[in-house]
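# Fold and geometry: a report
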Amino acid sequence: MSIKLNALFSDSYMDISQYRDQDFKGNRYEQEKLLKQSCSLYVGNLSFYTTEEQVHELFSKSGDVKRIVIGLDKVKKTACGFCFWTKRS
């Protein structure tokens with residue numbers, strides 16, 4: 001399992017999206033350099049019942065987890081099926 005997750009951080013799998021933050025203060029080269037150094041991963045299509053502990057248990061198999069942010073419905077304050085996961089570098 002951890003071998004598959006570690007593959008996400010290899011250069012051969014790295015594909016930077018065409019999206020660019022319009023508010024970024026710097027040039028395109030600087031922004032792409034920072035994106036390549038990023039250790040955050042968007043995880044979608046999660047069950048609305050997925051807990052932070054479950055996400056942590058799964059991704060801790062690939063290394064130390066720095067932070068998990070689960071997307072919440074702004075009205076109900078319940079999980080809405082995605083999270084951001086950051087690995088310690």
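Preceding this section is the structure that the text describes.
Residues numbered from 1 in each chain as written. Predicted model: local features only at pLDDT ≥ 70, side-chain atom pairs only at ≥ 80, totals over all residues. Heavy atoms only, no water.

## Observations regarding the environment of Gly 44
Selection rule: Numbering of helices and strands runs from the N terminus, with a helix taken as a DSSP run of H or I at least four residues long and a strand as a DSSP run of E at least two residues long. Here, residues are in contact when the closest pair of their heavy atoms is within 4.5 Å.
Residue position: Gly 44 is located in the loop between strand 1 (40-43) and helix 3 (52-59). Separated by 36 residues in sequence, Gly 44 and Cys 80 place their C-alpha atoms 9.5 Å apart. Not counting chain neighbours up to four residues away, the residues in contact with Gly 44 comprise Gly 81 and Phe 82.

## A short note on the side chain of Ser 62
Note the threshold: Only protein chains enter the accessibility calculation, which uses a 1.4 Å probe; a residue is then buried when its area is under 20% of its type maximum, exposed when over 50%, and partly exposed in between. Here a polar contact is taken to be a pair of N or O atoms separated by no more than 3.5 Å, where protein atoms must pair a possible hydrogen donor with a possible acceptor and residues adjacent in sequence count only if both atoms sit in side chains.
Here Ser 62 shows up in the loop between helix 3 and strand 2 (65-72). The class of Ser 62 is buried, set by a relative accessible area of 8%. Only 3.0 Å separates the side chain of Ser 62 from the backbone oxygen of Phe 59, close enough to count as a polar contact.

## Considerations on the sheet that holds strand 1
Strand-to-strand pairing in sheets goes through backbone hydrogen bonds, with the strands running parallel or antiparallel. Which entries qualify depends on this criterion: Two strands form a pair only when DSSP identifies at least two bridges running between them. For helices, the fitted axis covers only the stretch in contact; all axes are lines through C-alpha atoms, and the angles between them, taken along N-to-C directions, range from 0 to 180 degrees.
Judged by pairing direction, the sheet is antiparallel, and its three strands sit side by side in the order 1-3-2 without closing on themselves. Whereas interior strands pair on both sides, the edge strands pair on one side only; in this sheet they are strand 1 and strand 2. Taking each pair of neighbouring strands and ignoring which way they run, the sheet shows an average axis angle of 20°. Packed onto the sheet, helix 3 meets strand 1, strand 2 and strand 3 (79-87) and runs at close to 140° relative to strand 2.

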